[in-house]
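# Inside the fold
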Amino acid sequence: MTQAEKLQLVFGYFSTDAKWQSGGTKRFAFPQGGLPDSAGFVPGIPRLGIPNQWETDAGVGVATQRSPTPRERTALPSGLATAATFNPDIAFAGGAMIGNEARLSGFNVQLAGGMDLLREPRNGRNFEYSGEDPLLAGVITGNEIKGIQSNHIVSTMKHYAFNAQETNRNTMDHKIGEQAAMQSDLLAFQIAYEIGSPGSVMCAYNRVNGHYSCENSWLLTDVLKTDWGFKGYVMSDWGATHSTVAAANSGLDQESGWAFDESPYFHDALKEAVNNGYVSQARLDDMAHRVLWAMFDKGLIDDPVKGDVANTIDFAGHGRITQSDSEESIVLLKNEKGLLPLTRTAKTITVIGGHADKGVLSGGGSSQVYPIGGLAVPDEFPGGFPGPKAFYPSSPLKGLSARLPAKITYVDGKDIKAAVKAARGSDIVIVFATQWTGESLDTPDLNLPDGQDALISAIAKANGHTVVVLETGGPVVMPWLSKVGAVLESWYPGTSGGEAIARVLTGEVNPSGHLPATFPASVSQLPRPVIDGDPKLDGDSHPHTDYDVEGAAIGYKWFDLKGLKPLFPFGYGLSYSQFTLSQLTAKPSGRSLSVAFDISNTSATEGKEVAQIYVSPVSGGWEAPKRLGGFIKVNLKPKEKAHLNLTVDPRLLATFDGVSKSWKISAGDYKVMLGSSSDSLGSTVTVHLDAQTLDIKGQ
Ligand code: BGC
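So, how was this worked out
Residues numbered from 1 in each chain as written. Predicted model: local features only at pLDDT ≥ 70, side-chain atom pairs only at ≥ 80, totals over all residues. Heavy atoms only, no water. Helix = DSSP H or I, 4+ residues; strand = E, 2+ residues; numbered from the N terminus. Rg over C-alpha atoms; globule rule 2.2 N^0.38 Å. Buried < 20%, exposed > 50% of the residue type's maximum accessible area, 1.4 Å probe, protein only. Contact = heavy atoms within 4.5 Å. Areas by Shrake-Rupley, 256 points an atom, 1.4 Å probe, with all protein chains shown as cover. Lys, Arg positive; Asp, Glu negative; His and termini not counted. Charge placed at Lys NZ, Arg CZ, Asp CG, Glu CD. Pairing = 2+ DSSP bridges. Disulfide = S-S within 2.5 Å. Expected span 1.5 Å × (residues − 1). Phe/Tyr/Trp six-rings, centres within 6.5 Å; stacked < 30°, edge-to-face > 60°. Axes fitted to C-alpha atoms, helices over the stretch in contact; angles between N-to-C directions. Left-handed = near helix turned anticlockwise from the far one by under 90°. Nonpolar A, V, L, I, M, F, W, Y, C, P; charged D, E, K, R; others polar. Near = heavy atom within 4 Å. Polar contact = N/O pair within 3.5 Å; in protein donor to acceptor, adjacent residues only side chain to side chain.

## Observations regarding the overall build of the protein
- In terms of helices and strands, the protein carries 16 helices and 30 strands.
- What you see for the protein is a C-alpha radius of gyration of 25 Å, in line with the 27 Å of a compact globule of 699 residues.
- When the backbone C-alpha atoms are referred to their principal axes, the protein occupies close to 80 × 60 × 45 Å.
- Burial analysis of the protein (699 residues in total) assigns 65% to the buried set.
- Of the contacts made within the protein by residues no fewer than 6 positions apart, 76% connect residues no fewer than 24 positions apart.
- Within the structure as shown, the protein displays about 23700 Å² of accessible surface, and the carbon and sulfur contribution to it stands at 53%.
- Here the protein carries 60 positive and 74 negative side-chain charges, and the mean point of each set is 5 Å from the other.

Written as structure tokens, this is what we have:
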């Protein structure tokens, strides 16, 4: 390859006509060969048979940048919803489906695999990620990546690392010690990397321990490439490259989305830097080699994309895939007085709010997928990015009307008095409450916006048979919880979400989602009751967050450590069936611990349960009293019983030692606990483990 060809591979363009460029002079031109209104483009080298890299967002489907003519595609439920399925097969199937749509839309790089751990429930991008636990997030995201790449395209894993809030995301400096980092977010990324083998890793906007993620040699070169053995390439987030020499020498391999950065750092400046010896020729060769390695390894060369053939997409089949993801992700949080499933004897049902007559909500920002048939509701967010506030045309109301004989009336909920009046005379009331979140904006608190808490309280006071269906980006508080009969968390349920919600409400589908994140009782319980940084300041500011406050004790671990009672614990979720867990045994096996137990469906209703194993050292020494050590989701017919086995990843029994770069299991007794959430643990057994040292990969 010529020097010019190598340089060409490491410089990416924004593939949208960036008219928003400030200053009047357009310094950026739409790249020839790019696909319109998409995230990125890197020209290929026809002389060598190397195709273009056509990059599209994101983790729930093929997104389009804000445009009057978006491509219309299938959207999965939010990433957090898929994590709530606790089902790696569902994550794989969803990934395979969106990767197929990416491929048939002409893209060969999908900017998916979002998985920063949920340290901050107000983070506006939690919906793109996989929750608070490293094992769950790693397994779910790893399987999604594997599914995407089964289409012979590259998937990223992002945003590496610690991009857990949007406030001041471009400048925020997160301080975290090595052990805490390795036992939390980096463990999640490591597990996802091992399962999914992403061709590319996208470094984040924020700084970590004083250095931008995209020029952080500890994260990029030491941990990712040297310790884990990552052979693919690191691409920057759009606008996350800040230098030429520091970034290249720290491990950034490809600058993305030129137009967002202050300067085209990996263009002429990189050529100069190599000429002058500030960046070695060997390093440039390595950068180009890594990009090519991923393209060859993931099949982009042997099985090239064939352009935009979206008219061949099997939208009906894909609708079934997103619907089953949503159906398994919906979490039944409360169900009293036998309110759910809805009875066929109810004569009148009032559905209130959330545009439930038209559709279901989705999360905003670069990951926005536009649905077939267009948005169900005119945009209610006139402020530009991360809008539009997009509702997908899959109406829960229509889904209910098709299934129930009751007379169902819809009231929009904007006028509380009118809603209360409609609710009063009805056999059952279902309130749909929405919380729109989006990239670049954190939520101010955990309350439902726009007076919806007051609306629900008023409705519940007027009618004792009130069901609340939540469509939220992440955890919310529920000041009205004791007054309502039933609550379903449906997240952002995707382009077939209305059907999924209707099927769960009517009992056609038995709910089986479990919470992938703790729902706090209030923000005062969080490590940071107030988010660090000032949303009004960015650019030149250098705000800090001390992630060592909680370290690796994220979510339920923090709540355990501090003895706090959340509103709903991690792992929690009800079913229309009843299950019992019993006969727990655990024994050391090889470098790990193997666990066996029985699970029975004691009810007359077929259903799925998520059995969870937690591990805890009797003499302490971890970041928190216990960790999730494993989980299995199983479907059981009425009265069916199953015997299940699982093995605990030894890293989840160890602490990381930075000096020897190894994982160390301390000799001692360990409690192994079995349950259906992090705070309902029935059986416990104690196992003695000998001291062990495992290498950096946990082997
Ligand atoms: C986001 C990335 C995304 C990129 C390209 C950025 O704003 O942080 O997640 O992949 O844009 O659209």
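Don't stop here, the text continues.
## Considering the pairing of strand E28 (residues 668–677)
- In terms of burial, E28 is a largely internal element, seven of the 10 residues being buried.
- Pairing of strand E23 (residues 607–617) with E28, which is carried by six bridges, proceeds in the antiparallel orientation. Bridging across to E28, glutamine 612 finds its partner in glycine 675.
- Sheet analysis places E28 next to strand E29 (residues 680–689), joined by eight bridges and oriented antiparallel. Following the sheet pairing, glycine 675 is matched in E29 by leucine 681.
- Counting the residues between successive antiparallel strands, the hairpin from E28 to E29 contains two residues.

## Digging into the state of the cysteines
- Scanning the entire structure with this criterion turns up one disulfide.
- For cysteine 203, the disulfide goes to cysteine 214, at an S-S distance of 2.1 Å. When the S-S torsion is 110 degrees, as for the bridge of cysteine 203 with cysteine 214, the disulfide is right-handed. Here the residue cysteine 203 occupies a position in strand E7 (residues 200–203), and cysteine 214 occupies one in the loop between strand E9 (211–212) and helix H7 (217–227), the gap between them amounting to 11 residues.
- Of the residues examined, cysteine 203 reaches a relative accessible area of 0% and is grouped as buried.

## Brief notes about unusual backbone geometry
- The linkage connecting leucine 340 with the following residue, proline 341, adopts the cis geometry, with an omega of -5 degrees.
- By the secondary structure assignment, proline 341 is in the loop between strand E12 (331–335) and strand E13 (348–352).
- Cis peptide bonds are those with omega within 30 degrees of zero, and the linkage from glycine 387 to proline 388 qualifies with 5 degrees.
- Within the secondary structure, proline 388 sits in the loop between strand E14 (360–361) and strand E15 (391–392).
- Of note in the backbone geometry, histidine 152 takes a positive phi value of approximately 60 degrees without being a glycine.
- Following the sequence through the fold, histidine 152 ends up in the loop between helix H4 (134–149) and strand E5 (154–160).
- The phi angle at lysine 661 is positive, at roughly 50 degrees, despite the residue not being glycine.
- By the secondary structure assignment, lysine 661 is in the loop between strand E26 (655–657) and strand E27 (662–665).

## Here we look at helix H10 (residues 281–297)
- For H10, spanning 17 residues, the distance from its first C-alpha to its last is 24 Å, which sits close to the expected 24 Å at 1.5 Å a residue.
- Taken residue by residue, H10 has Arg283, Leu284, Met287, Ala288, Arg290, Val291, Leu292, Ala294 and Met295 as its buried positions.

## Some details on the packing of aromatic side chains
- Per the stated rule, a full pass over the model turns up 18 aromatic pairs.
- Centroid distance phenylalanine 11 to tryptophan 258: 6.5 Å. Interplanar angle 40 degrees. Geometry classified as tilted. In this pair, phenylalanine 11 is assigned in strand E1 (residues 11–15) and tryptophan 258 in strand E11 (residues 255–258), connecting sequence segments 247 residues apart. Both residues of the pair, phenylalanine 11 and tryptophan 258, belong to the buried class.
- Among the aromatic residues, ring-to-ring pairing joins Phe86, Tyr556, Phe570, Tyr614 and Phe631 into one connected group.

## Some points on the sheet that holds strand E3 (residues 53–57)
- The strand order across the open sheet formed by eight strands is E10-E7-E5-E4-E3-E2-E1-E11, and the pairing between neighbours is mixed. Only two strands of the sheet have a single partner each, and these edge strands are strand E10 (233–236) and E11. Averaged over all neighbouring strand pairs, the angle between strand axes comes to 30 degrees, with direction disregarded.
- In the sheet, strand E4 (residues 109–111) pairs with E5 via two bridges, with the strands oriented parallel.

## Observations concerning the environment of proline 535
- Here proline 535 lies in the loop between helix H15 (497–506) and strand E20 (544–546).
- Counting along the chain gives 134 residues from proline 535 to serine 401, while the straight-line C-alpha distance between them is 44 Å.
- Among residues more than four places away in sequence, those in contact with proline 535 are Thr167 and Asn168.

## Comments concerning the packing of H4 against helix H6 (residues 185–196)
- Viewed as axis vectors pointing N to C, H4 and H6 meet at an angle of 30 degrees, and their least axial separation amounts to 7 Å. The handedness of the crossing between H4 and H6 is right-handed. On the side of H4, the interface is formed by Pro134, Leu135, Ala137, Gly138, Val139, Thr141, Gly142, Asn143, Ile145, Lys146 and Gln149, while H6 contributes Leu187, Ala188, Ile191, Ala192, Ile195 and Gly196.
- By residue class, the composition of the contact of H4 with H6 is 10 nonpolar, six polar and one charged.

## A short note on the site of the ligand
- The environment of the ligand is made up of 14 residues, and the closest members are Asp57, Arg125, His159, Asp237 and Glu439.
- Within the side chain of histidine 159, one N or O atom sits 2.7 Å away from an oxygen atom of the ligand.
- Here an oxygen atom of the ligand and a side-chain polar atom of tyrosine 205 are 3.0 Å apart.
- About the coverage of the ligand: the protein hides 96% of its 310 Å² of free accessible area.
- Looking at the shell around the ligand residue by residue, the class counts come to five nonpolar, three polar and six charged.

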